[in-house]
There are 2 protein chains.
Amino acid sequence: MMLNCVNPDDLEPRAVLRSKTFADITGFKHEFIRDLHQGQSGHEVNLLCWLVGRTRDHGTMLFLPVGDSSGTIQVVVDKAKVPSWAELKTLKTESSLKVSGTLSLSRGKAEILLEKASIISKATKLLHPEIRKLDKDILANANTDKVLANRHLYLRNPLILALNAYRSHFFTAIHEWFKDHQFVDISAPLITPSILYEPNSAIHLTNLKTNKTLFLSQCAGFYLEAAAHAHERVYNLGPSFRNESRTNRHLMEYWHIKAEICSGKMDDIMDLVEIFLRDISETLLPFTDKLTAMMETKRPRIQIPFPRISYIDAVALLNEKGFPLSFGQNISKQAENILSEHFGGPLWISHKPRDLEPFPYCISPEDERLSMTADLISSGGFGEICGVAEKSYTREELETRMKEKGKMEQMDIYSWVLESRDFGMVPHTAFGMGFERVLRWFCGIPHVKDAIPFPRIFGREPIP
Amino acid sequence: MMLNCVNPDDLEPRAVLRSKTFADITGFKHEFIRDLHQGQSGHEVNLLCWLVGRTRDHGTMLFLPVGDSSGTIQVVVDKAKVPSWAELKTLKTESSLKVSGTLSLSRGKAEILLEKASIISKATKLLHPEIRKLDKDILANANTDKVLANRHLYLRNPLILALNAYRSHFFTAIHEWFKDHQFVDISAPLITPSILYEPNSAIHLTNLKTNKTLFLSQCAGFYLEAAAHAHERVYNLGPSFRNESRTNRHLMEYWHIKAEICSGKMDDIMDLVEIFLRDISETLLPFTDKLTAMMETKRPRIQIPFPRISYIDAVALLNEKGFPLSFGQNISKQAENILSEHFGGPLWISHKPRDLEPFPYCISPEDERLSMTADLISSGGFGEICGVAEKSYTREELETRMKEKGKMEQMDIYSWVLESRDFGMVPHTAFGMGFERVLRWFCGIPHVKDAIPFPRIFGREPIP
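Residues numbered from 1 in each chain as written. Chains lettered and ligands numbered in written order. Predicted model: local features only at pLDDT ≥ 70, side-chain atom pairs only at ≥ 80, totals over all residues. Heavy atoms only, no water.

## Considerations on the relation of the copies chain A and chain B
Condition: To line up the copies, we fit them by least squares on C-alpha atoms, keeping just the residues with pLDDT of at least 70 in both. In this analysis, two residues are considered to be in contact whenever any of their non-hydrogen atoms come within 4.5 Å of each other.
For the pair chain A and chain B, the superposition axis carries a translation of 0.0 Å, the fit reaches an RMSD of 0.0 Å, and the rotation angle comes to 180°. A rotation of that kind, with that shift, is consistent with a two-fold axis. Minimal C-alpha distance to the rotation axis in chain A is attained by L205 of chain A, lying at 2.5 Å. Of the interface residues in chain A, 98% have counterparts in chain B that sit at the interface too, so the contact is made through matching surfaces.

So this is what it looks like as structure tokens:
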């Protein structure tokens, strides 16, 4: 059983290190299995690796499937030459070893002819479902509890390993896109007194030797809009925290792609999000295709611009299709799916009722029941992935909205947000995108928990 | 008064956007002051900007100093031609406006000859110390409370703006270095039951509808070592939380550069940290030089390798120099400075007493009183910036250490850390580096609070 590993550097041999000095640190591993597959027969091998499947005993020969982060290879043990074969034969999967021998390439297949094996650490237990098995069941609901409780071990599963490597690659693509477009990366604090939504949806902090309540950040928006009035284009890719219900698209601790830009209107920020998604998805394309092939899923087609429909028109369309919804109600996941199927892909729902949106967002100059916000609904039933808004920049408009939301009684917490309107604030727009949701959509994975190495899910005890 | 702004993209004109489609979004600002300085006389200007200093009235002419994120320029108002001059004259600093006119370049100096100004938002208040003033006093202790309470406004100060732009550039350099060296970016969870140090040094969480205590992460180490046994080279650049004392080098919420690598010994990880610091500091050099010139500070000389001294030898040397210290005591900030002055630069102190170090770190095979850890002390009195360690990879060694630290009674929280030793763990090394400390050292800024946009400091109410 030879597994294929997918890694961010799949297109270049692993050993190509740009800084020669790093490669000069002899204590670190510099030989990787991927490079062996491109090596030459007779090459001497000294490889740190793990037993990734069962040993096969063919009488005079023993075959060990070994792997590392870059791939797998077979080790051939000639029982007449290698005294340790008896010990090797009893090794459990996950045992780590150093393999010394010679590379053999015949009919395009690489193998290591073993001279000596040093066992570094014997695995003493087995875990089911099998850690290294390439099996989509690893992502299935039936295995969730077991897999999450042993997440520290299941990171070695080829699918989870590939998903986390993909995540790393995705992060790089996002940072590069923002830097290419002159955005400044602003670290927003995670400990905050000023949350976007109501306290019952936030995670509370204690033990800070003060009596005031503090929260974990729900959104970097307040901080980014302040920074936008210095740097003009700012972004943040960092954790956000919400006490959400337990569904396949909610995490309690998730990563949020946030951007705020001075100037621009709602249509501009919608355009920006479309370009962002198209550029990132194109950057990731070769890697996405490998991953979706591995999982037998399909990547979505990102053809921009996406259709744009107003909330009021969406409600009418849903009613036409027999789905009951009145003005002022949230568009449910089921309703999102009906709309997404109707348009055959992602779509924007704009001008949501002001009562549904928090206070920093502008009210429509044409209909004061509506806000200048829009949600991007992805395709394939993956639901809402992004929200955009024009943000109130005058004290007058913000005060009106804060009164509606009862925030004027919390001026010890929100006064700084209001005060920033007194110092030359300009019309500005923002978007917020759930990183794990986008990853899930791009790869077609069933549950958002597999889009993050160590998921935190509402109601689940976080171990590890 | 014309200020110089320093930005990450100082070396290329701001308007060079690689994605033409982004530039096609007409609603966003595309004209920046830096580009105007490189423009041609007669060019028509439509600029979103802020008043960054006082207007000067010269009888028939009015001069407005305006600025944006990329620089500053003077706007010339001919009173005979511009009816709004009277209103412009009374504008307070920070007021935002749109300036339309013609670019004039004479004797190498760019100015905008005003045709029309639209006032977007009048600043209604003034703040002292002045928001836009280029004055090192903005970083001085005397102004700390005022500046931190108004951090949302002081982000526009040229020094703080430059420091945050530098921070963004620094992040990019770190991510690129790790990606260049085949590291995978692993998001460690910030909500965790398993902390590295004792609960009194951690921030506690409530309201998670369980009775167990949870904490904000003090270190990504436990999670990264699990991931290292999948990806072999992993890193994390993310927030860490500690209830530290209030000094000029401690933050309650700081950014931690963490890396874990399979294989290697303590000397290898020390080599790696040296190469990392040298490469990053070289990447940042042009920008560091601008920033230190602005602040009249000096960047440190990073010449590797750094001297390495054992803890025992350091204690002896300090005693020789008349500084009393006994085996088992922590090396204080004062002692660090004596050593750093002695060596004339950064130095490593290795093999610290096992009692001073948390349980995951290896014990010296040569002296069981000592651990396989080392701290990097920077130069110039900026103190400790990095710790490295060999990590225990056998159940036997880790159990011994966990017993010493009383962790065996907390197996509901730490069992997964111990159990990972049963599944083929290999010798591995780690480093942890305080990002804001390194930034502070590179730029020579007095207090670590100015190395982060919204500092969280022990004992200070976090507003904003």
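## Concerning the interface of chain A and chain B
To keep it simple, the criterion reads: The buried area of a pairing is the accessible area, by a 1.4 Å probe, that goes missing from both parts when the two are put together, added over both. Salt bridge criterion: a side-chain nitrogen from Lys or Arg within 4 Å of a carboxyl oxygen from Asp or Glu. We define a polar contact as two N or O atoms separated by no more than 3.5 Å, with the added condition that, inside protein, one atom must be a possible hydrogen donor and the other a possible acceptor, whereas residues neighbouring each other in sequence contribute only through side-chain atom pairs. Secondary structure elements are defined from DSSP: runs of H or I of at least 4 residues count as helices, runs of E of at least 2 residues count as strands, and each element is numbered from the N terminus.
Taken together, the contact pairs 122 residues of chain A with 120 residues of chain B. Across the chain A to chain B interface the summed buried area is about 10200 Å²; carbon plus sulfur atoms make up 61%. Remark: the boundary between chain A and chain B carries four salt bridges. Its salt-bridge partner being E232 of chain A, residue K29 of chain B comes within 2.6 Å of it at the nearest N-O pair. For the interface between chain A and chain B, the tally reads 43 residue pairs in polar contact (both at pLDDT 80 or more). Element by element, the count of residues in the side of chain A that touches chain B is highest for helix α6 (residues 158-180) of chain A, at eleven residues.

## Here we look at the sheet that holds strand β17 (residues 428-434) of chain A
All names here are of chain A. Using the following cut-off: In this analysis, strands are considered paired if DSSP registers two or more bridges between them. All axes are obtained by fitting lines to C-alpha atoms, using only the stretch in contact for helices, and the reported angles, taken between N-to-C directions, cover 0 to 180 degrees.
Taken in spatial order, the eight strands of this open sheet run β7-β11-β12-β17-β16-β15-β14-β13, and their pairing is mixed. Each edge of the open sheet carries a strand with a single partner, namely β7 (184-185) and β13 (308-310). As judged from the six bridges shared by strand β16 (residues 384-391) and β17, these two strands associate in the antiparallel manner. Bridge pairing in β17 links V388 to F431. The strands touched by α6 are β7, β11 (233-241), β12 (253-262) and β17; relative to β11, the strand with the most contacts, the crossing angle is about 150°.

## A closer look at the domain arrangement of chain A
Which entries qualify depends on this criterion: A domain assignment, automatic or from a database, supplies the domain bounds used here.
Taken domain by domain, chain A holds domain 1 (29-126) and domain 2 (149-451). Distance from the C-alpha centre of domain 1 of chain A to the C-alpha centre of domain 2 of chain A: 47 Å.

## Description of the packing of aromatic side chains
Under the convention used in this document: Think of it this way: a Phe, Tyr or Trp ring, Trp meaning its six-membered ring, pairs with another when their centres are within 6.5 Å, and the plane angle makes it stacked under 30 degrees, edge-to-face over 60, tilted otherwise. Relative accessibility decides the category of a residue: with a 1.4 Å probe and only protein chains considered, values under 20% of the type maximum give buried, values over 50% give exposed, and everything between is partly exposed. In this scheme, the term charge over a ring applies when either NZ of a lysine or CZ of an arginine sits within 6 Å of the ring centre and within 35 degrees of the ring normal.
Taken as a whole, this structure holds 50 aromatic pairs over all chains when the rule is applied. Arranged with centres 5.5 Å apart and planes meeting at 10°, the rings of F170 of chain A and F442 of chain A form a pair that is stacked. You can see F170 of chain A sitting in helix α6 and its partner F442 of chain A sitting in helix α13 (residues 435-443), a full 272 residues away along the chain. For the pair F170 of chain A and F442 of chain A, one class covers both residues: buried. Plain terms: the ring middles of F178 of chain A and F183 of chain A are 5.0 Å apart, the flat faces sit at 65° to each other, and that makes the pair edge-to-face. For the pair formed by F178 of chain A and F183 of chain A, the shared burial category is buried. An aromatic cluster of three or more residues is present, and its members are F22 and F28 of chain A together with W177, F178, F183, Y235, F276 and F431 of chain B. Lying over the aromatic face of F327 of chain A, R369 of chain A brings its terminal NZ or CZ to 4.6 Å of the ring centre.

## Remarks on the environment of G381 of chain A
Residues and elements named next belong to chain A. Considering the arrangement of structural elements, one finds G381 in the loop between β15 (373-377) and β16. Residue classification places G381 among the partly exposed positions, given a relative accessible area of 23%. C-alpha separation for the pair G381 and T394, spaced 13 residues apart in sequence, amounts to 38 Å. In this structure G381 touches K333 and N337, once residues within four positions along its chain are discounted.

## Topic: the sheet that holds strand β13 (residues 308-310) of chain B
Whether parallel or antiparallel, the strands of a sheet pair through hydrogen bonds between backbone atoms. Residue and element names in this part refer to chain B. The strand order β7-β11-β12-β17-β16-β15-β14-β13 describes an open sheet built from eight strands, whose pairing is mixed. Of all strands in the sheet, those bounded by a partner on one side alone are β7 (184-185) and β13. Bridge analysis of β13 against strand β14 (residues 347-350) gives three bridges, and the strand direction is parallel. Bridge pairing links R308 to W348 in β14.

## Considerations on the pattern of salt bridges
Counting across every chain of the model gives 66 salt bridges over all chains. Salt-bridge contacts for R354 of chain B lead to E404 of chain B; the nearest nitrogen and oxygen are separated by 2.2 Å. Pair noted here: R354 of chain B is in the loop between β14 and β15 (373-377) and E404 of chain B is in helix α11 (residues 395-404), with a separation of 50 residues, a long-range link. What emerges from the salt-bridge pattern is a single network uniting K125 of chain A together with R395, E399 and D422 of chain B.

## Examining helix α8 (residues 266-295) of chain A
All names here are of chain A. The condition is simple: Between the first and last residue of a helix there are one fewer steps than residues, each counted as 1.5 Å, and that sum is the expected span. To get the bend at any residue, fit one axis to the seven residues that end at it and another to the seven that begin at it, then take the angle between the two axes.
Counted at 1.5 Å a residue, the expected span for α8 with its 30 residues is 44 Å, but the 37 Å between its end C-alpha atoms falls short. Its axis deflected by about 65° at L285, α8 carries its strongest bend there, up to four residues before the proline P286. Two residues or fewer after α8 comes E296, characterised by a positive phi angle close to 55°.

## What to know about α11 of chain B
Residue and element names in this part refer to chain B. Here is the rule: Of all possible arcs, the one meant is that of the directions from the helix axis to the C-beta atoms.
Buried within α11 we find L398, R401 and M402. Looking straight down α11, one finds that the buried residues subtend no more than 100° of arc, so they occupy a single side. In α11, the exposed residues that point more than 90 degrees away from the buried face are E396 and K403. The inward-facing, buried residues of α11 abut α12 (411-419). One or two positions beyond α11, positive phi appears at G406, with a value near 70°.

## Quick look at the packing of helix α8 (residues 266-295) of chain B against helix α13 (residues 435-443) of chain B
Residues and elements named next belong to chain B. To keep things clear, this is the line we draw: Should an angle fall under 35 degrees it is called roughly parallel, over 145 degrees roughly antiparallel, and 65 to 115 degrees roughly perpendicular, with every other angle called oblique. By convention, the crossing between two helices is left-handed when the near helix turns anticlockwise from the far helix through less than a right angle, and right-handed when the turn is clockwise. Under the scheme applied here, ten amino acids are nonpolar (Ala, Val, Leu, Ile, Met, Phe, Trp, Tyr, Cys and Pro), four are charged (Asp, Glu, Lys and Arg), and all others, including Gly, are polar.
Close contact between α8 and α13 brings their axes to 9 Å; oriented N to C, the two are set at 55°. Between α8 and α13, the crossing angle belongs to the class labelled oblique. As for the relative orientation of α8 and α13, their crossing is right-handed in sense. In this structure, α8 contributes L277, I280, S281, L284, T288, L291, T292 and M295 to the contact, and α13 contributes V438, W441, F442 and C443. The class makeup of the residues in the contact of α8 with α13 is nine nonpolar, three polar and no charged.

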